[in-house]
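# Descriptive analysis of the structure
Listed here are the chains, written in short residue letters.
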Amino acid sequence: MSEHEKKTKIKQSRYQIIAADLASKIVDREYEVGEKLYARSSLASKYGVSSETARRAIAVLQDLGIVQATKGSGVFIKSYEEAAKFVHQLKDVQSVKEIQNDIMLSISQQKEEMMKLEQMTQELVTRTNRFHSLNPFIPFHVTIGSECVYVGLTIQELNFWQNTTATIVGIRHNDDMILSPGPYATIQEGDTIYFIGNEESLDVVKNFLYKG
């Protein structure tokens, strides 16, 4: 996600914010049904907006059946139920926006993780190729299944090199790539082990891991 996307926020019109605030006050019983609201000028002064903005806020509430505006008499609270419905709808809209934002953030994070994994995989290939250019070894990999008899053991406990003459250069565990794992790295089901050795190493390693 770019810096511009992170800073972009959805803004409501000022009169919509005022209408929502008035509806919330009705739901909180700060205004009772039948009670008269502030005059338009007083409402404008209270929220620090123009009379036209205050008029629009009242018009929204009137259209929703929350207030009743009578010429010459003023604006009166008409319906608690409609006010509650309006407030709940606003909360639902906000929840949807939050979910959308969370999804977009999650997608962005996953993209970053995939790029990182791709870079680490490329680094592994580069290191293996570099090693191959200096030594007559061939890179291999094998994925650990549930039938592997050494699941849960460390590389040291396996005596991997002593038993296979192959050298582990990387372990991929879920979305993590561990390069040049130390002797205390464990072998887990589902891991992919990358190793180097001679042309017979793949068969030797498979027989070792699954010999039972």
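Residues numbered from 1 in each chain as written. Predicted model: local features only at pLDDT ≥ 70, side-chain atom pairs only at ≥ 80, totals over all residues. Heavy atoms only, no water.

### Regarding the packing of aromatic side chains
Ring pairs (aromatic) are described by centroid distance and by the angle formed between their planes. Summed over all chains, the structure comprises four aromatic pairs. Note on Tyr150 and Phe208: the rings are 4.8 Å apart at their centroids and 25° apart in plane angle, and the pair reads as stacked. On the criterion of sequence distance, the pair formed by Tyr150 in the loop between β3 (138-143) and α6 (155-158) and Phe208 in helix α8 (residues 201-209) is long-range, its members being 58 residues apart. We classify Tyr150 as buried; its relative accessible area is 17%. Since its relative accessible area comes to 6%, Phe208 is described here as buried. An aromatic cluster of three or more residues is present, and its members are Phe140, Tyr150, Phe160, Phe195 and Phe208. Positioned over the ring face of Tyr80 is Arg29, at 3.7 Å from the centre of the ring. Between the NZ or CZ atom of Lys46 and the centre of the ring of Tyr47, over which it lies, the distance is 5.8 Å. (Phe/Tyr/Trp six-rings, centres within 6.5 Å; stacked < 30°, edge-to-face > 60°. Helix = DSSP H or I, 4+ residues; strand = E, 2+ residues; numbered from the N terminus. Buried < 20%, exposed > 50% of the residue type's maximum accessible area, 1.4 Å probe, protein only. Lys NZ or Arg CZ within 6 Å of the ring centre and 35° of its normal.)

### A closer look at helix α3 (residues 40-47)
Among the residues making up α3, those that are buried are Leu43, Ala44 and Tyr47. An end-on view of α3 places all buried positions within 100° of arc, on one side of the element. For α3, the elements touching its buried residues are α2 (14-27) and α4 (51-63). Gly48 sits one or two positions beyond α3 and adopts a positive phi of about 70°. (Arc of directions from axis to C-beta. Contact = heavy atoms within 4.5 Å.)

### Regarding the side chain of Ser79
As for its placement among the helices and strands, Ser79 is situated in the loop between β2 (74-77) and α5 (80-134). Given a relative accessible area of 12%, Ser79 falls into the buried group. Reaching out from Ser79, the side chain makes a polar contact with the backbone nitrogen of Glu81 at a distance of 3.4 Å. For Ser79, the side chain forms a polar contact with the main-chain nitrogen of Glu82, separated by 3.0 Å. Those residues in contact with Ser79, other than ones at most four positions away along the chain, are Val33, Gly65 and Ile66. (Polar contact = N/O pair within 3.5 Å; in protein donor to acceptor, adjacent residues only side chain to side chain.)

### Examining a negative patch on the surface
A cluster of acidic residues, Glu112, Glu113, Asp175 and Asp176, forms a negative patch at the surface. By relative accessible area, Asp175 is classed as exposed at 53%. (Patch = residues over 30% accessible without salt bridge, like charges linked within 9 Å, V, L, I, M, F, W, Y side chains within 5 Å. Areas by Shrake-Rupley, 256 points an atom, 1.4 Å probe, with all protein chains shown as cover. Salt bridge = Lys/Arg side-chain N within 4 Å of Asp/Glu carboxyl O. Lys, Arg positive; Asp, Glu negative; His and termini not counted. Charge placed at Lys NZ, Arg CZ, Asp CG, Glu CD.)

### Regarding the pattern of salt bridges
By the definition in use, this model includes four salt bridges. Residues Glu52 and Arg56 are paired through a salt bridge, measuring 3.5 Å at the closest nitrogen-oxygen approach. Of this pair, Glu52 and Arg56 both sit in helix α4, separated by four residues, roughly a single helical turn. Salt bridges sharing common partners tie together Glu52, Arg55 and Arg56.

### Considerations on the packing of α3 against α4
Axis separation between α3 and α4 bottoms out at 8 Å; the angle between their running directions is 105°. Judged by the inter-axis angle, α3 sits roughly perpendicular to α4. Of α4, the residues touching α3 (which contributes Arg40, Leu43 and Ala44) are Ser51, Ala54, Arg55 and Ile58. For the contact of α3 with α4, the class distribution of residues is four nonpolar, one polar and two charged. (Axes fitted to C-alpha atoms, helices over the stretch in contact; angles between N-to-C directions. Parallel < 35°, antiparallel > 145°, perpendicular 65-115°, else oblique. Nonpolar A, V, L, I, M, F, W, Y, C, P; charged D, E, K, R; others polar.)

Without other data, these values stay purely geometric and don't point to any function.
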